[in-house]
Amino acid sequence: MTAITTSENHTSEHEQHPDLRVWGLLTFLISESLMFGGFFATYLFFKGTTAVWPPEGTEVELLVPTVNTIILVSSSFIIHFGDKAIKKNSVGWMRFWYFITFLMGAVFLVGQVYEYMNLGYGLTTNVFANCFYLMTGFHGLHVFVGLLLILGVFVRSFGPNHYNSMQHTGIEMAEIYWHFVDIIWIILFTLVYLMNAF
């Protein structure tokens, strides 16, 4: 009886206090937002003070990045299905949706590498190329980290009752991070691709 009471008290205390791991993640994402904000501000400064932008020979193509954007934004909806599944205590469906999200993120990175290989200019070609590679590369690094988080959730889900409808903080944190990656890409795609294509 005492063990049950102790367990109930522990659960009650857990419900009363917010999970600090989530707050830690949100703090980290705010700091990353500031870093991306610095990149975006620098890019817009050079864009506004350069006569021809992007300089001749460093034009951007829209096809591959547009397909990549559709894949990455769609993956945000897919990963949310995984979060909804675990809240219904369906670990199997959570694994399914997280695995699909992982594949979509991996395809995004492959598309980005393909784009790099076919651009015809490099990191040091000019200021535009430098900004382009730094911003897209830094974002690509975040996508890679997101894939590691998703893979970690997927692997840990095979542990006995590791995730269930009451315990799924790791799943929520991976989803929050992935949404962040998507939002940053939408801003980046608009600034670097759409604004230079028309």
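Residues numbered from 1 in each chain as written. Predicted model: local features only at pLDDT ≥ 70, side-chain atom pairs only at ≥ 80, totals over all residues. Heavy atoms only, no water.

(A) Seen up close, helix H2 (residues 20-49). Along its 30 residues, H2 runs 44 Å from first to last C-alpha, staying within 8% of the 44 Å computed at 1.5 Å per residue. Residues of H2 that are buried include every one of Val-22, Leu-25, Leu-29, Glu-32, Phe-36, Phe-40 and Tyr-43, and no others. (Helix = DSSP H or I, 4+ residues; strand = E, 2+ residues; numbered from the N terminus. Expected span 1.5 Å × (residues − 1). Buried < 20%, exposed > 50% of the residue type's maximum accessible area, 1.4 Å probe, protein only.)

(B) Geometry of the UniProt feature "domain: Heme-copper oxidase subunit III family profile" (unreviewed entry) in the protein chain. In the numbering used here, UniProt assigns the feature "domain: Heme-copper oxidase subunit III family profile" (unreviewed entry) to residues 23-197. The span residues 23-197 is 79% helical and 0% strand by assignment, and the distance between its end C-alpha atoms comes to 39 Å. (UniProt positions renumbered as here; feature names shortened; annotations may be inferred.)

(C) Just the packing of aromatic side chains, in detail. Taken as a whole and assessed by the stated rule, the structure comprises 26 aromatic pairs. Pairing Trp-185 with Tyr-193 gives two aromatic rings, centres 6.0 Å apart and planes at 50 degrees, and the pair type is tilted. Given the relative accessible area of 2%, Trp-185 is considered buried. A relative accessible area of 0% means that Tyr-193 is categorised as buried. Feature note: the residues Tyr-43, Trp-53, Phe-108, Tyr-116, Tyr-121, Phe-128, Phe-132, Tyr-133, Trp-185, Phe-189 and Tyr-193 constitute an aromatic cluster, connected by ring pairs. The lysine or arginine in question, Arg-95, covers the ring of Phe-158, its NZ or CZ lying 3.9 Å from the ring centre. (Phe/Tyr/Trp six-rings, centres within 6.5 Å; stacked < 30°, edge-to-face > 60°. Lys NZ or Arg CZ within 6 Å of the ring centre and 35° of its normal.)

(D) Here's a closer look at unusual backbone geometry. In this chain, Trp-53 is followed by Pro-54 through a cis amide linkage whose omega measures -5 degrees. Among the secondary structure elements, Pro-54 is positioned in the loop between H2 and helix H3 (63-87). The residue Asn-89 is not glycine, and still its phi comes out positive at about 65 degrees. When you line up the elements, Asn-89 lands in the loop between H3 and helix H4 (91-117). Its identity is not glycine, yet Asn-161 carries a phi of approximately 55 degrees, on the positive side. Looking at the element boundaries, Asn-161 is found in the loop between helix H5 (127-156) and helix H6 (169-197).

(E) A look at the UniProt feature "transmembrane region" (unreviewed entry) in the protein chain. Residues given the UniProt feature "transmembrane region" (unreviewed entry) here are residues 22-46, 62-81, 93-114, 134-155 and 176-195. Along residues 176-195, the helical share is 100% and the strand share 0%, with 28 Å between the first and last C-alpha atoms.

(F) Geometry of the environment of Ala-106. Its place among the elements puts Ala-106 in helix H4. Assessed through its relative accessible area of 26%, Ala-106 is described here as partly exposed. Separated by 41 residues in sequence, Ala-106 and Leu-147 have C-alpha atoms that sit 7.5 Å apart.

(G) Spatial organisation of the pattern of salt bridges. If you walk through the whole model with that rule in mind, you get two salt bridges. The salt bridge partner of Lys-87 is Asp-83, with a shortest N-O separation of 3.1 Å. Taken together, the residues Lys-87 and Asp-83, both in helix H3 and four residues apart, mark about one turn of the helix. Since its relative accessible area comes to 3%, Asp-83 is described here as buried. Taking relative accessible area as the criterion, Lys-87 reaches 43% and is therefore assigned partly exposed. Three or more residues are tied together by salt bridges with common partners; here these are Asp-83, Lys-87 and Glu-172. (Salt bridge = Lys/Arg side-chain N within 4 Å of Asp/Glu carboxyl O.)

(H) Focus on the nonpolar core. Core analysis: the biggest nonpolar cluster contains 43 residues, and Tyr-43, Met-94, Tyr-98, Tyr-121, Phe-132, Val-192 and Tyr-193 have the highest contact counts within it. At 13 residues, H6 tops the list of elements feeding residues into this core. Setting aside residues no more than four positions away along its own chain, Tyr-121 makes contact with Gly-57, Thr-58, Glu-59, Val-60, Phe-128, Ala-129, Phe-132 and Tyr-133. (Core = buried A, V, L, I, M, F, W, Y, C linked by side-chain atoms within 4.5 Å. Contact = heavy atoms within 4.5 Å.)

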